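Topology and contacts: notes
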Amino acid sequence: MGLELKTPKELEIMRRAGRVVAGLLRFLETQARPGVTTKRLDVLAEDFIRSQGAEPAFKGYYGYPASICTSVNEGVVHGIPNDRALEEGDIVGVDVGVKLDGYYSDAARTFAIGEIDKESRRLVDATREAMRRGIAKAVEGNRLSDISWAVQSYAEGNGFSVVRQYVGHGIGRNLHEEPQVPNFGRPGQGPRLVEGMTLAIEPMINAGTEEVETLLDGWTVITKDRRRSAHFEQTVFVGKTAPEIVTE
Ligand code: MF3
Ligand code: CO
């Protein structure tokens, strides 16, 4: 459980898992360009993960069929990689998870494909900044919902909406552990944060309505109004005076 504190030894393994995730995302950012299919990104990702002696965390998770999630434009999360080529102007959320020596790490970024319109740029930048502000609250003595409120207030202050149906989570020996980390909620609620807690902080922010729906593939989550959505995620350790991001 994420509410259980990890030992220094466990944190060291999670740092190594985080480095694999960070290296993979950096690599995928160079590969995500016009003409490349998301399926191609998935193949590259699985090869990369295995070359590092790790395993893809998502593949087979409740039957999920791929190693990464790729959520394009109105895609919110859990997009299954497919044969559609990325096009100039798209935004694509790439979410990756690995298991290394028994421990998980999970992170996501939204990449711009070539030049994107101004509204999409604002959405992507605001989502990254909302995550940054949430992470900044991952410090001993704060309450869990201080993270949530930091994300929500920044996103809504910029005129965007926060997805409520999916949330961040504890992470460690399992991909998803307690506690849930919502991206909305009044500050000062929930468990007190303590050094050694390990969290995946992951805002999903929409340009229009917060409402989402799932495609018939059973996974791909898209916005109800088909306006765009962005997603960023980091694996973070709660620290005594500062958070530690292990997937940067
Ligand atoms: N980062 C996402 C999450 O925490 C990825 C899960 S994809 C799944 O929910 F296939 F593993 F479910
Ligand atoms: Co996650």
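Summary of the structure given here. (Residues numbered from 1 in each chain as written. Chains lettered and ligands numbered in written order. Predicted model: local features only at pLDDT ≥ 70, side-chain atom pairs only at ≥ 80, totals over all residues. Heavy atoms only, no water.)

**Quick word on the pairing of strand β14 (residues 234–237)**
- Neither face of β14 is exposed, since Gln234 and Val236 on one face and Thr235 and Phe237 on the opposite face are all buried.
- Of the pairings in the sheet, the one linking strand β9 (residues 198–201) to β14 comprises 4 bridges and is antiparallel in character. Directly across from Thr198, in β14, lies its bridge partner Phe237.
- In this structure, β14 lies alongside strand β15 (residues 244–245), joined through 2 bridges in antiparallel fashion. Bridge pairing links Phe237 to Glu244 in β15.
- Linking two consecutive strands that pair antiparallel, namely β14 and β15, is a turn of 6 residues. (Buried < 20%, exposed > 50% of the residue type's maximum accessible area, 1.4 Å probe, protein only. Helix = DSSP H or I, 4+ residues; strand = E, 2+ residues; numbered from the N terminus. Pairing = 2+ DSSP bridges.)

**Observations regarding the side chain of Gln152**
- The topology assignment puts Gln152 in helix α4 (residues 144–157).
- A relative accessible area of 9% means that Gln152 is categorised as buried.
- When neighbours within four sequence positions are excluded, Gln152 is seen to be in contact with Gly157, Val162, Arg164, Asn183, Phe184 and Gly185. (Contact = heavy atoms within 4.5 Å.)

**Here's the deal with the packing of helix α3 (residues 118–136) against α4**
- Following both chains from N to C, one finds α3 and α4 inclined at 155°, their axes separated by 8 Å at the closest point. Viewed along their axes, α3 and α4 adopt a mutual orientation that is roughly antiparallel. Of the two possible hands of crossing, α3 and α4 adopt the one that is right-handed. Residues Ala126, Glu129, Ala130, Arg133 and Gly134 of α3 lie in contact with α4, whose contacting residues are Ile147, Ala150, Val151 and Tyr154. (Axes fitted to C-alpha atoms, helices over the stretch in contact; angles between N-to-C directions. Parallel < 35°, antiparallel > 145°, perpendicular 65-115°, else oblique. Left-handed = near helix turned anticlockwise from the far one by under 90°.)

**Brief notes about the coordination of the cobalt ion (ligand 2)**
- The cobalt ion (ligand 2) binds to the protein through Asp106 (OD), His169 (NE2), Glu202 (OE) and Glu233 (OE), with metal-donor distances spanning 2.1 to 2.3 Å.
- Bound by 6 donor atoms, the cobalt ion (ligand 2) shows angles of 65 to 168° at the metal and therefore irregular coordination geometry.
- Spacing between the donor residues of the cobalt ion (ligand 2) along their common chain follows D-x62-H-x32-E-x30-E. Here Asp106 is found in strand β5 (residues 103–112), whereas its partner His169 is found in strand β7 (residues 168–170), with 63 residues between them in sequence. Like Asp106, the residue His169 is buried in the burial classification. (Donors = N, O, S within 2.8 Å, 3.2 Å for Na, K, Ca; no water. Tetrahedral: all angles 85-135°; square planar, octahedral: opposite > 155°, others 65-115°.)

**Examining the pairing of strand β2 (residues 68–72)**
- Counting buried residues along β2, 5 of its 5 residues qualify, which places the element largely inside the surrounding structure.
- On β2, burial covers both faces: Ile68, Thr70 and Val72 on one face and Cys69 and Ser71 on the other are all buried.
- Across 5 bridges, β2 lies against strand β4 (residues 91–100) in antiparallel orientation. Bridge pairing links Ile68 to Val96 in β4.

**Some points on the site of ligand 1**
- For ligand 1, the set of nearby residues contains 13 residues, the closest of which are Tyr64, Asp95, Asp106, His169 and His176.
- Here an oxygen atom of ligand 1 and a side-chain polar atom of His78 are 3.3 Å apart.
- Asp95 is positioned such that a nitrogen or oxygen atom in its side chain is 2.6 Å from a nitrogen atom of ligand 1.
- When ligand 1 is considered free in solution it has 330 Å² of accessible area, and contact with the protein chains removes 94% of it.
- Across the shell around ligand 1, the residue classes break down as 6 nonpolar, 3 polar and 4 charged. (Near = heavy atom within 4 Å. Polar contact = N/O pair within 3.5 Å; in protein donor to acceptor, adjacent residues only side chain to side chain. Areas by Shrake-Rupley, 256 points an atom, 1.4 Å probe, with all protein chains shown as cover. Nonpolar A, V, L, I, M, F, W, Y, C, P; charged D, E, K, R; others polar.)

**Describing the side chain of Asp95**
- For Asp95, the location among the structural elements is in strand β4.
- Not counting residues within four places of it along the chain, the set of residues in contact with Asp95 comprises Phe58, Ile68, Cys69, Asp106, Ala107, Ala108, Glu202, His231 and Glu233.

**Some thoughts on the pattern of salt bridges**
- The full count for this structure, using the stated rule, is 20 salt bridges.
- Among the salt bridges present, the one from Glu195 reaches Lys240, with a minimum N-O distance of 3.3 Å. With Glu195 in the loop between β8 (177–181) and β9 and Lys240 in the loop between β14 and β15, this residue pair connects regions lying 45 residues apart in the sequence. (Salt bridge = Lys/Arg side-chain N within 4 Å of Asp/Glu carboxyl O.)

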